[in-house]
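# Structural features, examined
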Amino acid sequence: MNTATRPVTGRIHSWDVSTGVDGPGTRFVLFVSGCPLRCLYCANPDTWHMRDGRETTVDEVMAEMEKYCAFITTAGGGVTLTGGEPLLQSAFTGEILRRCKDAGLHTVLDTSGFLGSRATDELLADTDLVLLDIKSFDVTTYRRVTGGRLAPTLSFATRLDRLGIPLWVRYVLVPGWTDDPAAVEGLARFAAGLGHVDRVDVLPFHKLGAAKYEALGIPFLLRDSPSPEPEVVQRVRQQFRARGLRAC
């Protein structure tokens, strides 16, 4: 009988190296394929389906990552798992996080939190920081923007806080969709009630992914939506700051 352990496999879209965008320092960023949400402003519709990703093993991912270990650690960075939604492939994601921690690398999980129930305590123990994308604090708007429910994300945020895991809240600001002052205030109040929110990133809506929609033959429903005016971005950031949060 063959008792060899079967390699843990998953499907990935791509990887990249970035600075100052996907967590602290310079980071190896792995884009995991598959996502249960369909956010209207998603910049990566080419990561939605697992079937479109490339199957790989954790060993292969780690071998690629090791080429950059010295560089990213010297630059105060680490590894970020994003997507898509990395928790859609929770076993694959968890094993990569574990291996990264064993290698002494700082780990970041970038997630919508919609599948937070799939994150085991062991997976989260190997996560140094979570970038939590909260799409809206208004239940109806959240459904219209993502096709999903808000409650799982808020439950996941509360769980992360209970476990003492540092959190960066990410909030994409889309005129006419997520700029409502009352909804922003609700999110600011919720985030301020958590004890481990290190910062809030207010991210102005952009259309950098528009060409991907055209190439895939998918309608980009926000094609005619403008980017938010600078004063609106500042107003939203100030709403978070007024609650004692660091907003960037």
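Cut-offs and rules
- Within any chain, residue numbers begin from 1 and follow the written order of that chain's sequence.
- The predicted nature of this model means local features are confined to residues of pLDDT at least 70 and side-chain atom pairs, given and counted, to a pLDDT of 80 or more, with totals for whole chains, interfaces and linings taken over all residues.
- With hydrogens and water set aside, each side-chain value is computed from the structure's full complement of heavy atoms.
- Secondary structure elements follow DSSP: runs of H or I no shorter than four residues count as helices, runs of E no shorter than two count as strands, and numbering proceeds from the N terminus.
- What the globule rule says is 2.2 Å times the number of residues to the power 0.38, and the radius of gyration is computed from C-alpha atoms.
- Type-normalised accessible area, obtained with a 1.4 Å probe on protein chains alone, sets the label of each residue: buried when under 20%, exposed when over 50%, and partly exposed for intermediate values.
- Two residues form a contact once any of their heavy atoms are found within 4.5 Å.
- For the purpose of charge, His is not counted, nor are the chain termini; Lys and Arg are scored as positive and Asp and Glu as negative.
- Here the site of a charge means atom NZ of a Lys, CZ of an Arg, CG of an Asp or CD of a Glu.
- Two strands pair if DSSP finds at least two bridges between them.
- Axis lines are fitted through C-alpha atoms, for helices just across the contact stretch, and the angle between N-to-C directions can take any value from 0 to 180 degrees.
- Take the number of residues in a helix, subtract one, and multiply by 1.5 Å to get its expected span.

### Things to note about the overall build of the chain
- Counting its secondary structure elements, the chain contains 9 helices and 8 strands.
- Expected size for 248 residues packed as a compact globule is a radius of gyration near 18 Å; at 18 Å, the chain falls within 12% of this value.
- A buried classification covers 51% of the 248 residues belonging to the chain.
- If you take every contact in the chain between residues at least 6 apart in sequence, the share linking residues at least 24 apart comes to 72%.
- Side chains of the chain carry 28 positive and 29 negative charges; the gap between the two charge centres is 3 Å.

### Some remarks on the sheet that holds strand β6 (residues 129-133)
- Reading across the sheet, the 8 strands line up as β3-β1-β2-β4-β5-β6-β7-β8 and stay open at both edges, with mixed pairing between neighbours. Edge strands, defined here as strands with exactly one partner in the open sheet, are β3 (54-57) and β8 (197-204). Each strand axis lies, on average, 30° off the axis of its neighbour in the sheet, ignoring direction.
- Relative to β3, helix α1 (residues 58-66) is tilted by about 85°, and along the sheet it contacts β1 (9-19), β2 (26-32), β3 and β4 (78-83).
- Lying on the sheet, helix α6 (residues 151-163) is in contact with β5 (106-111), β6 and β7 (167-173); it crosses β6 at an angle near 160°.

### Describing helix α7 (residues 181-192)
- Between its first and last C-alpha, α7 extends 16 Å over 12 residues, near the 16 Å set by a 1.5 Å rise per residue.
- Of all the residues in α7, the buried ones are Ala183, Val184, Gly186, Leu187, Ala188, Phe190 and Ala191.
- On its buried side, α7 packs onto α6, β7, β8 and α9 (230-241).

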